[in-house]
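# Summary of structural features
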Amino acid sequence: MEPPDHRRPPAPADNSSQHKPRPRNKLTSAATRPTAPHDEKYHLTEDMAEKAITWLKLHRSFSPDQPFLMYWAPGAAHGPHHVFPEWAKKYQGKFDQGWDKLRKEVFARQKQLGWIPADAKLTERAETMEAWDDIPDSQREFQLRLMELFAGFVEHTDAQVGKLVDYLEQTGQRENTMIIYIWGDNGSSAEGQKGSISELLAQNQIPNTIEQQLEALKGLGGLDALGGPLTDNMYHASWAWAGSTPFRYTKLVASHFGGTRNPLVISWPKGIKPDKRPRSQFYHVNDIAPTIYDLLDITPPKVVNGFAQDPIDGVSMTASFADTDAPENKPVQYFDNNGSRGIYKDGWYACTFGPLIPWVNAQPGLAEWDSAKDVWELYNLREDFSQANDLATKHPEKLAELKKLFLEQARENKVFPIGAGIWLRLHPEDVITSPYRSWVFDETTTRMPEFTAPGLGKKSNTVTIELECGKDASGVLYALGGAGGGLTCYMDDGYLVFEYNLMIVQRFIAKSKEKLTAGKHTIVVDTSLKSPRPGSPADIVLTVDGKEVARTTAKMTVPAAFTASESFDVGVDLGSTVSREYYKRRPFRFNGKIQKVRVALK
């Protein structure tokens, strides 16, 4: 494989904590006001709903005669699955039958309700995915709790959407407002693998066991900590498989619709007569913009702000609004994700699973993968809703035609090189990073994104802190990451402490035996990786005014990234706190004065 032209982080930015989010846009920026980190009842989705309603009120006040367009995209049901205990409690006992039986129950209800064809078949679980009977009794409570949290997270999000709809009803705007509601996380996500207390364990391919995770949970309060701000939990991949009923696979697999298909509901009281019958026409998310353009009779601009626009691939879905059996007008659509890929044309679907099994940690053999040797499958979707009957050997000409079409679509849509997303799993050292080798910071430096900040957790470095403190000083000197993984250097009642939080499952801590005296000090944190290999162990030494005061060894360092949404802060730990030791004192602002923080990579 050749490295991709652009090096992206191993996870999307929507992996944010719902309790202590990093601001990403105007709708969520108020989440970082001083009161938010101390509010035990804060939740990002609720905040988004409140701010959306506020925005609608302002729009109505300033320009009531003008239409509005709102793009409202919450974190659910993306990981981490953060929700308050009372929402998860509503589902206690609802999943005790396990994912295999749950899947059969869901399949039966789908047919009963008419949401899938009567002749649809229930596909089998992959051999590499665990059965519920494979789960030891000692781990079942953990696995059930993770699913209950997911279900509560989903319902909690629906409740916030309900607030928006209720407001539109109350203000008389609902009748002529179209709501396009897409539900899901690109297909149910298997990135929790065997169940995870820290979502990026999977993306970093850090070896771990459920027993190790349960042991780490004891220090956080046990199972009750799941869903809260001290974990970044994700459910077992087999729950995701059950959530993809009747399809075969999950998110990150583009070959089968369990990894790409999401429910879509469109409601427009003035323009669409309510109809509970599902539409069977094949549509894609890229058809939403053309549908809006069509309804508003807008010709898409060819140039925006001086930039020529790419052609729009999508088509309008408006014909299906009034006619359940409207002719299909979407001729072709390609799919690609981490080397798995597929191509749709006129009811036929050709696909190949690719090299990556998302629910298998530290998967061997990725480096030897050759896309030219992948075995393709073929399905007639108009007769086989769930892709249960592979017709590749019966219709080789059709398969060859579609494989050729995929290459044409891939070239046109700049998909090459195929499987570029796998590169960072093999070469985490190539993750996007700052081009600099040295920096000078002070207390004004906060909310610096991890991929812009110095690679303190994965590269050899020296951090020199010049400060002045009083007796028994406390507070964060600098921190990178959050509760799900990161590192922090802080003072606590006069003692100097450093913690390397390896995705919750391991913590490496160095603490001075004596307190620092009041006055000016120079503190040096020296981190030396034992080899240039990503994930290498590291020796960490703390000195004060040239004298060693503490040391520790991180048995493993993070290969790619601690988080996808946390940041580097000086003098404070904003958002999700790296160390549980000062969580209740967050944001644990340093009560002395930091003159300078110098960082140099070795």
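Here the structure is shown first, and the text comes after it.
An account of the accompanying structure is given in this report. Because the structure is a prediction, the values reported are computed rather than measured.

Another point: the overall build of the protein chain. Helix and strand counts for the protein chain stand at 11 helices and 20 strands. Since a compact globule built from 602 residues should have a radius of gyration of about 25 Å, the 26 Å found for the protein chain is in line with a globular shape. The dimensions of the protein chain, computed from C-alpha atoms along their principal axes, are 80 × 60 × 55 Å. Looking at the protein chain as a whole, 53% of its 602 residues qualify as buried.

Time to look at the side chain of Ser 340. Its location among the elements puts Ser 340 in strand S6 (residues 340-345). Note on Ser 340: relative accessible area 1%, which makes it buried. Among the polar contacts listed, one links the side chain of Ser 340 to the backbone nitrogen of Ala 254, at a separation of 2.7 Å. Within the structure, the side chain of Ser 340 is placed 2.7 Å from the backbone oxygen of Asn 337, a separation counted as a polar contact. When residues no more than four places from it in sequence are discounted, the contact partners of Ser 340 are Leu 252, Val 253, Ala 254, Ser 255, Phe 335, Thr 352, Phe 353 and Gly 354.

This paragraph deals with the environment of Gly 152. Turning to its location among the elements, Gly 152 is positioned in helix H4 (residues 137-170). The sequence separation of Gly 152 and Val 303 amounts to 151 residues, and the corresponding C-alpha distance is 44 Å. Apart from the residues lying within four places of it in its own chain, the contact partners of Gly 152 are Val 83, Trp 87, Ala 88 and Tyr 91.

So, about the packing of helix H1 (residues 44-62) against H4. It is at 9 Å that the axes of H1 and H4 come closest, and there the two elements cross at 10°. One element, H1, and the other, H4, form an angle in the roughly parallel class. Here the hand of the crossing between H1 and H4 comes out right-handed. From H1, Thr 45, Glu 46, Ala 49, Ala 52, Ile 53, Leu 56, Lys 57 and Arg 60 reach across to H4, where they touch Phe 153, His 156, Thr 157, Gln 160, Lys 163, Leu 164, Tyr 167 and Leu 168. For the contact of H1 with H4, the residue count by class is 8 nonpolar, 4 polar and 4 charged.

A separate point is the packing of H4 against helix H6 (residues 210-218). Following both chains from N to C, one finds H4 and H6 inclined at 65°, their axes separated by 11 Å at the closest point. If you check the angle between H4 and H6, you find them roughly perpendicular. Along this stretch, H4 crosses H6, giving a crossing that reads as left-handed. Facing Ser 138, Gln 139, Phe 142 and Gln 143 of H4, the residues of H6 in contact are Ile 210, Glu 211, Gln 213, Leu 214 and Leu 217. A class-by-class count of the residues in the contact of H4 with H6 yields 4 nonpolar, 4 polar and 1 charged.

With that settled, the discussion passes to H1. With 19 residues, H1 ought to run about 27 Å at 1.5 Å a step, and its terminal C-alpha atoms sit 27 Å apart, in line with that. What H1 keeps buried is the set Leu 44, Thr 45, Glu 46, Asp 47, Met 48, Ala 49, Ala 52, Ile 53, Leu 56 and His 59. Residues of H1 that are buried make contact with H4.

With respect to topology, 6 strands assemble into an open sheet ordered S9-S20-S11-S16-S17-S18, the strand pairing being antiparallel. A strand with exactly one partner marks an edge of an open sheet, and here the two such strands are strand S9 (438-441) and strand S18 (547-554). The mean angle between the axes of side-by-side strands here comes to 10°, regardless of whether they run parallel or antiparallel. Alignment of strand S16 (residues 519-529) against strand S17 (residues 538-544), held across 7 bridges, turns out to be antiparallel. In the sheet register, Val 525 faces S17, and the bridge partner there is Leu 542.

The next point concerns unusual backbone geometry. In this structure, the amide linkage connecting Ala 76 to the following residue, Ala 77, adopts the cis form with an omega of 0°. Here the residue pair Arg 586 and Pro 587 is connected by a cis peptide bond, since its omega of 5° sits within 30 degrees of zero. Position of Pro 587 among the secondary structure elements: in the loop between strand S19 (567-570) and strand S20 (593-601). A positive phi angle, close to 55°, is found at Gln 205, a residue other than glycine. A positive phi is found at Asp 493, a non-glycine position, where the angle reads about 55°.

Reading guide: rules and limits
Residues numbered from 1 in each chain as written. Predicted model: local features only at pLDDT ≥ 70, side-chain atom pairs only at ≥ 80, totals over all residues. Heavy atoms only, no water. Helix = DSSP H or I, 4+ residues; strand = E, 2+ residues; numbered from the N terminus. Rg over C-alpha atoms; globule rule 2.2 N^0.38 Å. Buried < 20%, exposed > 50% of the residue type's maximum accessible area, 1.4 Å probe, protein only. Polar contact = N/O pair within 3.5 Å; in protein donor to acceptor, adjacent residues only side chain to side chain. Contact = heavy atoms within 4.5 Å. Axes fitted to C-alpha atoms, helices over the stretch in contact; angles between N-to-C directions. Parallel < 35°, antiparallel > 145°, perpendicular 65-115°, else oblique. Left-handed = near helix turned anticlockwise from the far one by under 90°. Nonpolar A, V, L, I, M, F, W, Y, C, P; charged D, E, K, R; others polar. Expected span 1.5 Å × (residues − 1). Pairing = 2+ DSSP bridges.

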